[in-house]
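Observations on the model geometry
Residue strings, one per chain:
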Amino acid sequence: MTAQILDGKATAAAIKSDLTVRVAALKEKGITPGLGTVLVGDDPGSQKYVAGKHRDCAQVGIASIQRELPATATQEEIEAVVRELNEDPACTGYIVQLPLPRGIDENRVLELMDPDKDADGLHPMNLGRLVLNEPAPLPCTPNGILTLLRRHGVEIKGAEVVVVGRGVTIGRPMPLLLTRRSENATVTQCHTGTRDLSSHLKRADIIIAAAGSAHLVRPEDVKPGVAVLDVGVSRSAEGKIVGDVHPGVAEVAAWISPNPGGVGPMTRAQLLVNVVEAAERSAG
Ligand SMILES: Nc1nc(=O)c2c([nH]1)NC[C@@H]1CN(c3ccc(C(=O)N[C@@H](CCC(=O)O)C(=O)O)cc3)C=[N+]21
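Throughout, residues of each chain are indexed from 1 in the direction in which the sequence is written. Confidence filtering applies because this is a predicted model: local features only for residues at pLDDT of at least 70, side-chain atom pairs given and counted only at 80 or more, and all residues used for totals across whole chains, interfaces and linings. The basis for every side-chain value is the complete set of heavy atoms in the structure, and neither hydrogens nor water enter the calculation.

**Side note on the sheet that holds strand E5 (residues 160-164)**
Between any two strands, at least two bridges found by DSSP are needed for them to pair. Strands are runs of DSSP state E lasting at least two residues, helices are runs of H or I lasting at least four, and both sets are numbered from the N terminus onward. Spatial ordering of the open sheet is given by E1-E11-E8-E7-E5-E6, a layout of six strands whose pairing is parallel. Only two strands of the sheet have a single neighbouring strand rather than two, namely strand E1 (4-5) and strand E6 (186-190). In this sheet, strand E11 (residues 255-256) lies alongside strand E8 (residues 227-230) in parallel orientation, the contact comprising two bridges. Looking at the pairing, Ala 227 lines up with Trp 255 of E11. Contacts between residues were defined by any pair of non-hydrogen atoms, one from each residue, lying within 4.5 Å. Here an angle of 0 to 180 degrees is reported between the N-to-C directions of two axes, which are lines fitted to C-alpha atoms, with helices fitted over the stretch in contact. Most of the contacts of helix H6 (residues 140-151) go to E8, to which it runs at about 145 degrees, and overall it touches strand E7 (206-209) and E8.

Spelled out as structure tokens, the structure:
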């Protein structure tokens, strides 16, 4: 058996085409959604991601607001940009690209953001709203994963899902989304402290591998017919992206998300969804 592809690139393109229509409707009401990005420093990876986000915006008609600060920027300088975007009516939603340079208190910056402009869905207020089942912008990568599964007809209701990882962007919020009544999955969260990862993986109907550990999930660890989402990003010695899932898993799984071309483009698409939804909320 060779797994079918959970095609994030194609699914993200379909979402962007839906959004183009919604953005046009907002513009008829006199509202142009705008995505802001705050990029601090000159990390080439971060520059590339941020550039990708603005390319996406251009495709769907969302305005781009780019703020760049040097690697030497102080806490106060970064916070001043955050305050400015909070006040800017043209900025519907924004992100502060992470990580911030050493010595900057990231959480203090993030907490200063207006939660209603939080395009990442990772502001403490919005994580709290998620716990409380209140409407909120949803974390982009976990929500992108759910959308990718739904659009390929992978059954989430009742599924045994193993999430590997406990990072703030994926591992922590993912089970919160999966265990809502609307999803009704059963979740096991594994991490570096898990005694026997393989025994958990073998029981899973869906595996979400977000540990950042190259080829952590091996073919002998998984049940035939499983759906596997490869969210990990490591770099090989040659600089190529290496995921958390061993390529041999594709011979056992029913569904697999390629990496690149899987969850990454979905993350970007959900960011745009959050910006458009924030603009729609403000339009009433
Ligand atoms: N505030 C904040 N929000 C983020 O969402 C955020 C962040 N900071 N910091 C860095 C990480 C990383 N991230 C990616 C998003 C899309 C791709 C993506 O689309 N990747 C392509 C490949 C790109 C390539 O070839 O390098 C793919 O998977 O097909 C990758 C990585 C968002 N992040």
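**Points about the site of the ligand**
Inspection of the region around the ligand gives 14 residues, with Lys 48, Val 96, Leu 98, Asp 120 and Gly 261 positioned closest. Between a nitrogen atom of the ligand and a main-chain N or O atom of Leu 98, the distance comes to 2.8 Å. Between the ligand and the protein, one listed contact pairs an oxygen atom with a side-chain N or O atom of Arg 268 at 3.3 Å. For the ligand, whose free accessible area comes to 670 Å², the fraction covered by protein is 76%. Just so you know the grouping, Ala, Val, Leu, Ile, Met, Phe, Trp, Tyr, Cys and Pro go in nonpolar, Asp, Glu, Lys and Arg go in charged, and all remaining residues, Gly too, go in polar. A per-class count over the shell around the ligand returns six nonpolar, three polar and five charged. Summary of the distance rule: residues count as near a molecule or strand when at least one heavy atom falls within 4 Å of that molecule or strand. In protein, a polar contact requires one atom able to donate a hydrogen and another able to accept it; more generally it is a pair of N or O atoms within 3.5 Å, and residues adjacent in sequence count only if both atoms are side-chain atoms. For every accessible area listed, the method is Shrake-Rupley and the probe measures 1.4 Å; residues are considered covered only by the protein chains on display.

**Side note on unusual backbone geometry**
Trans is the prevailing form of peptide bonds, just as negative phi is the prevailing case for residues other than glycine. With an omega of 0 degrees, the peptide bond between Leu 98 and Pro 99 qualifies as cis. Position of Pro 99 relative to the elements: it lies in the loop between strand E4 (93-96) and helix H4 (106-112). Along the chain, Asn 259 connects to Pro 260 via a cis peptide bond; the corresponding omega equals 5 degrees. Here Pro 260 shows up in the loop between E11 and helix H9 (263-283). In this structure, Asn 133 takes a positive phi of about 65 degrees despite not being glycine. Relative to the helices and strands, Asn 133 is located in the loop between helix H5 (124-131) and H6. Burial classes: relative accessible area under 20% of the type maximum marks a residue as buried, over 50% as exposed, and values in between as partly exposed (1.4 Å probe, protein chains only). Classification of Asn 133 by relative accessible area gives exposed; the value is 61%. Positive phi, close to 55 degrees, is recorded for His 215, a residue that is not glycine.

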